[in-house]
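Report on the structure
Take a look at the letters that make up each chain.
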Amino acid sequence: MARSKINLKELASILGVSISTISKALNDSHEISDATKKRIVELAKLHNYRPNKIALGLKSGRTNTIAVVIPSVQNSFFARALYGIESVISQTKYSTIVCLTKESYDKEVDNFDMLSNGVVDGFIVAVSEETQMLKDFSHFENAISDEKSLVMFDRVIDSIPCTKVTTNDYTAISEATQNLIKSNRKNIILLSAINNLNVGKQRTKGYRKAIQEAGLEPVVLESDRNGIVEVLKNHIENNPVDAVIALDTDASFASYKVARQFGKKIPEDMAVIGYVSERMAPYLAPELTTINQHSYTMGKTAATLLLEQLENKSNKNQSVVIDSTLSQRASS
């Protein structure tokens, strides 16, 4: 049978001391004698007393809690980033609340509205796809107005004055495209299921730059995750393709699936460079060449920068770039 909980007022009544004395003792204040502290702590433990962090936060203005707002944990990128965030936060006095938007603008706004009201001290966020499409960023602006520290990572909004942690998407794709061109690939297409996201747009620009500088014709195929296979199939049926740069996990898997359906050998007939988990890439056949965004490092960096802002009671407008690297494997 669970022990009944007790509140601060009841605890003070049992001990015959003030609520202030109880609070100071539980916070190890030097104003309270060691003997009194010991008696209060023991009785609090006996009666299963737990302080209400939200109530204390509303009173003090600090809750020592951080919200991490991300689209999904099924996506390996965000899962690894979350591990990176937690590896930093777990070593501090802060705790985390993880919120999933499922790419919904309304869910993202609801999370910010609910948590900005004294529940958390700051936010680490990867902006949802729907928010980027609607271009309504007032909930971020309101959080900053409420003096909440804000760090965006990977999916960021340039117009919001906050700390942003990104990768060099433009340069990474441009260099990957150049590598394919140097290996004598002439019909290099770009395949994307993330064309609505800022990261997808930057990667597409990098591809176009490299292709055009080489005097080749850029071919950009875009669709949602449900239609990406058909888009690629329709193109390959009517056009030569000797390389695919896939901008996300769905596009990467679609490239392998369509290659098998058309009897194309990877990389002999069609090279593939894509984005999937570094743990998953070696298990594809052949092993997939990937652009590694170092999501764990990105998460650690975002958490570290937010903690610095919280300790300094500031909200900086700065950008930090984590360089992506090409993990060369058998598919290219």
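Residue positions are given per chain, counted from 1 along the sequence in the order it is written. Restriction of local features to residues with pLDDT of at least 70 applies here, the model being predicted, together with a cutoff of 80 or more for giving and counting side-chain atom pairs; totals for whole chains, interfaces and linings are based on all residues. Derived side-chain values reflect all non-hydrogen atoms in the structure, with water molecules and hydrogen atoms excluded from consideration.

Here's the deal with the overall build of the protein
Segments assigned H or I by DSSP are reported as helices when at least four residues long, segments assigned E as strands when at least two residues long, and all are numbered from the N terminus. For the protein, the helix and strand inventory stands at 13 helices and 12 strands. Computation of the radius of gyration draws on C-alpha atoms, with the globule rule given as 2.2 Å multiplied by the number of residues to the power 0.38. Over its C-alpha trace the protein gives a radius of gyration of 26 Å, far above what one expects of a compact globule, namely 20 Å for 332 residues. Considering only C-alpha atoms, the protein reaches an extent of 85 × 40 × 30 Å along its principal axes. Whether a residue is buried, partly exposed or exposed follows from its accessible area with a 1.4 Å probe, protein chains only, as a fraction of its type maximum: under 20%, in between, or over 50%, in that order. Taking all 332 residues of the protein together, 50% fall into the buried category. Contacts are assigned to residue pairs with any non-hydrogen atoms lying within 4.5 Å of each other. The long-range share in the protein, meaning contacts at least 24 apart out of those at least 6 apart in sequence, stands at 72%. Per-residue accessibility takes into account occlusion by the displayed protein chains alone, with areas from the Shrake-Rupley method and a 1.4 Å probe. Carbon together with sulfur atoms contributes 48% to the accessible area of the protein, which is approximately 16,600 Å² in total. A residue counts as positive if it is Lys or Arg and as negative if it is Asp or Glu; His and the chain ends are not included. Each charge is placed at NZ for Lys, CZ for Arg, CG for Asp and CD for Glu. Distance between charge centroids for the protein: 7 Å, based on 39 positive and 38 negative side chains.

Details of helix α1 (residues 8-15)
Every buried residue of α1 is accounted for by Leu-11, Ala-12 and Leu-15. Each buried residue of α1 sits inside an arc of 100 degrees when the element is viewed along its axis, so together they form one side. The outward face of α1, more than 90 degrees from its buried face, is lined by the exposed residues Lys-9 and Ser-13. The N-terminus of α1 is capped by Asn-7, whose side-chain oxygen sits 3.2 Å from the backbone nitrogen of Lys-9. Phi turns positive, to about 70 degrees, at Gly-16, one or two residues after α1. It is the directions from the helix axis to the C-beta atoms whose arc is reported. Under the rule applied, a polar contact is a pair of N or O atoms within 3.5 Å (in protein, one hydrogen donor and one hydrogen acceptor; residues adjacent in sequence only if both atoms are side-chain atoms).

Things to note about the side chain of Arg-155
Relative to the helices and strands, Arg-155 is located in the loop between β4 (149-153) and β5 (163-167). We classify Arg-155 as buried; its relative accessible area is 6%. Beyond its immediate sequence surroundings of up to four residues, Arg-155 is in contact with Pro-71, Phe-78, Glu-103, Val-125, Ala-126, Val-127, Ser-128, Glu-129, Gln-132, Leu-197 and Asn-198.

Focus: the pattern of salt bridges
The salt bridge definition used is simple: a Lys or Arg side-chain nitrogen within 4 Å of an Asp or Glu carboxyl oxygen. For the coordinates displayed, the defined rule picks out 7 salt bridges. Of the charged contacts in the structure, one is a salt bridge between Asp-250 and Arg-225, with a shortest N-O distance of 3.5 Å. Pair noted here: Asp-250 is in helix α12 (residues 249-261) and Arg-225 is in the loop between β7 (219-222) and α11 (228-238), with a separation of 25 residues, a long-range link. Residue Arg-225 is classed as exposed on the basis of its relative accessible area of 59%. With its nearest N and O atoms 2.9 Å apart, the salt bridge here joins Glu-278 to Arg-329.

Points about unusual backbone geometry
Along the chain, Ile-266 connects to Pro-267 via a cis peptide bond; the corresponding omega equals 5 degrees. Looking at the element boundaries, Pro-267 is found in the loop between α12 and β9 (271-274). Of note, the bond from Ala-285 into Pro-286 is cis; its omega dihedral lies within 30 degrees of zero at -5 degrees. Along the chain, Pro-286 turns up in the loop between β9 and β10 (289-292). Positive phi is not limited to glycine here, since Glu-103 has a value of about 65 degrees. In this structure, Glu-103 sits in the loop between β2 (95-100) and α6 (105-116). Judged by relative accessible area, Glu-103 falls into the partly exposed class, the value being 24%. Backbone geometry places Asp-154, a non-glycine residue, at a positive phi of 60 degrees. Structurally, Asp-154 is set in the loop between β4 and β5. Its relative accessible area of 6% is what places Asp-154 among the buried residues.

Side note on a negative patch on the surface
Only residues whose relative accessible area exceeds 30% and that form no salt bridge are eligible for patches; like-charged ones are grouped when within 9 Å, while nonpolar side chains (Val, Leu, Ile, Met, Phe, Trp, Tyr) are grouped when within 5 Å. Among the surface-exposed residues, Asp-106, Asp-110, Asp-113 and Glu-130 lie close enough to one another that they form a single negatively charged patch. Its place among the elements puts Glu-130 in helix α7 (residues 129-134). On the accessibility criterion, Glu-130 (35% relative accessible area) is partly exposed.

Examining the sheet that holds β2
Each pair of strands is called paired provided DSSP finds at least two bridges between the two strands. On the basis of which strands lie adjacent, the open sheet formed by 6 strands has the order β2-β1-β3-β4-β5-β11 and parallel pairing. Both edges of this open sheet fall to β2 and β11 (319-322), since each of them pairs with a single strand only. Averaged over all neighbouring strand pairs, the angle between strand axes comes to 15 degrees, with direction disregarded. Here 4 bridges tie strand β3 (residues 122-125) to β4, and the two strands are oriented parallel to one another. Its bridge partner being in β4, Val-125 is matched across the sheet by Met-152. Axis definition: a line fit to C-alpha positions, over the contact stretch in the case of helices; interaxial angles, taken between N-to-C directions, run 0 to 180 degrees.

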